[in-house]
Amino acid sequence: MTSPLQIDTDTFEALLSAGQTDKAWALLEPGLAGLERNLPYALCLADLLHADAGHARLMDLALRLSRAWPTTAALMIRLSAALVAAAERRPPDEPPFERGPAHLAAAICQNCFDSLGATERQDPTVGGRLKANEANALRLMGPEHDEDSLKAFQLASTIDDSNGHWWFQRGLLHKWRGRFGDGSLANGKALERLGDSRPLLFNQAIFATALGEGERAVEAWRRVGIDARLNDAGMAVVEGMPRARVRVATVGYETGRNDPLPGPTVAFETVWVQPFSPCHGAIISPTVRRATVDQ
């Protein structure tokens, strides 16, 4: 039996920090055959999968890691984060994978959490992170998993209510489901814990716009550095924004003239939009097929 590969962790971490994932893969490649016997190597591999979440072998290697070390929390936390990052690469307007990286992430988090003792379950860096990763995985699996996702987020926050990142991610779940009031509340808790940051302020402006709270939206845009004002209707607007093309989902096999078109029942086309702010505007070109944005 060959000896486990010894990893120069300083060199490996430097490569990841520099974004040189190809060189990091070259460093780890000799140890792939024995990854089930080498925990330090497995930890590095999970970090690399996170940094290179689009790698073609991600699911194969993740399955091997999860089967070899299913109750090793440090590894399952890193591995599930990598799988969530892979799932987030899929555009949010496309249906989620039926059995993709998010499903594996949710399963390994739940299994590992169930194996923990009471102390570890209440540890924010162990039980808290496993539940937060599980919640994010469920968030990416589709609306039918929302209830379980919210339960996992709630348990994570019960373990560590001070973690603003988990509140931000809960807000993302609500935003993509159109629950703007709940999303605004969650995003507000994230702002309280993390302070101003561009993603949080953008989300605050989006929620405020969707809720018709123009003054709050203007305030958020200005804190980002975008010169917004209230229009006569009380909405936040930004002058001079150029027209943009936006991808929208279309359904069915027919065009607006009832002419048959080949292709899948769900497809996409692009329309021209005149923005009123960075998050809302008016569609100014017609759709060809029956689209989700049609009135």
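Just so it is clear, the model here is predicted, and its values are computed rather than measured.

Undergrad: Help me get a handle on the overall build of the protein, residues and values and all.
TA: Helix and strand counts for the protein come out as 13 helices and 6 strands. Counting only C-alpha atoms, the protein reaches 75 × 50 × 35 Å along its principal axes. Buried positions account for 43% of the 295 residues belonging to the protein. A sequence separation of at least 24 residues applies to 54% of the contacts in the protein between residues at least 6 apart. Summed over its atoms, the accessible surface of the protein is roughly 15,400 Å², and 52% of this surface lies on carbon and sulfur atoms. Computing the positive centroid from 31 side-chain charges and the negative centroid from 36, the protein places the two 2 Å apart.

Undergrad: Account for the packing of helix H2 (residues 21-28) against helix H3 (residues 39-51), naming residues and giving values.
TA: At a minimum axis separation of 11 Å, H2 and H3 run at an interaxial angle of 155 degrees. When the interaxial angle is binned, H2 and H3 end up roughly antiparallel. The chirality of how H2 crosses H3 is left-handed. Residues Thr21, Ala24, Trp25 and Leu28 of H2 form the contact with H3, whose participating residues are Tyr41, Cys44, Leu45, Leu48, Leu49 and Ala51. Looking at side-chain class alone, the contact of H2 with H3 contains 9 nonpolar, 1 polar and no charged residues.

Undergrad: I'd like to hear about the environment of Ile206, residue by residue, with values.
TA: Its location among the elements puts Ile206 in helix H12 (residues 198-210). For Ile206, a relative accessible area of 22% corresponds to the partly exposed category. In this structure, the C-alpha to C-alpha distance between Ile206 and His280, residues 74 residues apart in sequence, is 8.4 Å. If we ignore the near neighbours within four places in the chain, the residues touching Ile206 are Lys175 and Cys279.

Undergrad: Just give me the short version of the nonpolar core, but keep the residues and values in it.
TA: Counting 48 residues, the largest nonpolar core has Leu45, Leu49, Leu65 and Leu130 as the members making the most contacts within it. Only helix H1 (9-17), H2, H3, helix H4 (58-68), helix H5 (73-87), helix H6 (101-115) and helix H8 (124-139) provide two or more residues apiece to this core. Here the element with the most residues in this core is H5; it accounts for 11 residues. Excluding residues within four positions of it along the chain, Leu130 makes contact with Ala73, Met76, Ile77, Cys109, Cys112, Phe113 and Leu116.

Undergrad: Quick rundown of the packing of aromatic side chains? Include the residues and the values.
TA: All chains considered together, the criterion is met by 2 aromatic pairs. Here Phe202 and Trp221 contribute two aromatic rings whose centre-to-centre distance is 5.0 Å and whose plane-to-plane angle is 85 degrees, an arrangement assigned as edge-to-face. Taken as a pair, Phe202 in helix H12 and Trp221 in helix H13 (residues 214-224) lie far apart in primary sequence, 19 residues in all. Since its relative accessible area comes to 0%, Trp221 is described here as buried. When the ring centre of Trp167 is taken as origin, the NZ or CZ atom of Lys189, which lies over that ring, is 5.3 Å away. Directly above the aromatic system of Phe268 lies the positively charged group of Arg247, at a separation of 3.9 Å from the ring centroid.

Undergrad: Please set out the pattern of salt bridges residue by residue, giving values where relevant.
TA: Pairing between side chains becomes possible if they bear opposite charge and their charged atoms approach one another. Evaluation of the coordinates by the stated rule reveals 16 salt bridges. Put simply, Arg90 and Glu94 hold a salt bridge, and the shortest N to O gap is 3.9 Å. A salt bridge links Arg216 to Glu213; the nearest nitrogen and oxygen atoms lie 2.3 Å apart. Connected through salt bridges with shared partners, the residues Arg90, Glu94 and Arg247 form a single ionic network.

Undergrad: Give me the lowdown on the environment of Gly178, citing residues and values where you can.
TA: Looking at the element boundaries, Gly178 is found in the loop between helix H10 (164-176) and helix H11 (180-194). Separated by 67 residues in sequence, Gly178 and Asn111 have C-alpha atoms that sit 31 Å apart.

Undergrad: Describe in detail H5, supporting the description with residues and values.
TA: Taking 1.5 Å per residue, 15 residues should reach 21 Å; H5 reaches 21 Å between its end C-alpha atoms and fits that length. Burial of H5 is extensive: 13 of the 15 residues sit out of reach of the surface.

Undergrad: Describe the side chain of His174, with residues and values.
TA: Mapped onto the elements of the fold, His174 is located in helix H10. The class of His174 is buried, set by a relative accessible area of 6%.

Undergrad: So what's going on with the packing of helix H9 (residues 146-159) against H10? Residues and values would help.
TA: Working note: a packed helix pair is described by the angle between its axes plus the distance between those axes. In the contact formed by H9 and H10, the axes pass within 10 Å of each other and the chain directions differ by 165 degrees. For the element pair H9 / H10, the angle class is roughly antiparallel. Here the hand of the crossing between H9 and H10 comes out left-handed. From H9, Asp146, Ser149, Leu150, Phe153, Gln154, Ala156 and Ser157 reach across to H10, where they touch Trp166, Trp167, Gln169, Arg170, Leu173 and His174.

Undergrad: Tell me about the side chain of Asp160, and name the residues and values.
TA: The topology assignment puts Asp160 in the loop between H9 and H10. At 7.5 Å, Arg193 is the nearest oppositely charged side chain to Asp160, a buried residue that forms no salt bridge. Reaching out from Asp160, the side chain makes a polar contact with the side chain of Ser162 at a distance of 2.5 Å. If we ignore the near neighbours within four places in the chain, the residues touching Asp160 are Pro124 and Trp166.

About the criteria used
Residues numbered from 1 in each chain as written. Predicted model: local features only at pLDDT ≥ 70, side-chain atom pairs only at ≥ 80, totals over all residues. Heavy atoms only, no water. Helix = DSSP H or I, 4+ residues; strand = E, 2+ residues; numbered from the N terminus. Buried < 20%, exposed > 50% of the residue type's maximum accessible area, 1.4 Å probe, protein only. Contact = heavy atoms within 4.5 Å. Areas by Shrake-Rupley, 256 points an atom, 1.4 Å probe, with all protein chains shown as cover. Lys, Arg positive; Asp, Glu negative; His and termini not counted. Charge placed at Lys NZ, Arg CZ, Asp CG, Glu CD. Axes fitted to C-alpha atoms, helices over the stretch in contact; angles between N-to-C directions. Parallel < 35°, antiparallel > 145°, perpendicular 65-115°, else oblique. Left-handed = near helix turned anticlockwise from the far one by under 90°. Nonpolar A, V, L, I, M, F, W, Y, C, P; charged D, E, K, R; others polar. Core = buried A, V, L, I, M, F, W, Y, C linked by side-chain atoms within 4.5 Å. Phe/Tyr/Trp six-rings, centres within 6.5 Å; stacked < 30°, edge-to-face > 60°. Lys NZ or Arg CZ within 6 Å of the ring centre and 35° of its normal. Salt bridge = Lys/Arg side-chain N within 4 Å of Asp/Glu carboxyl O. Expected span 1.5 Å × (residues − 1). Polar contact = N/O pair within 3.5 Å; in protein donor to acceptor, adjacent residues only side chain to side chain.

Spatial relationships are all this shows, so hold off on functional conclusions.
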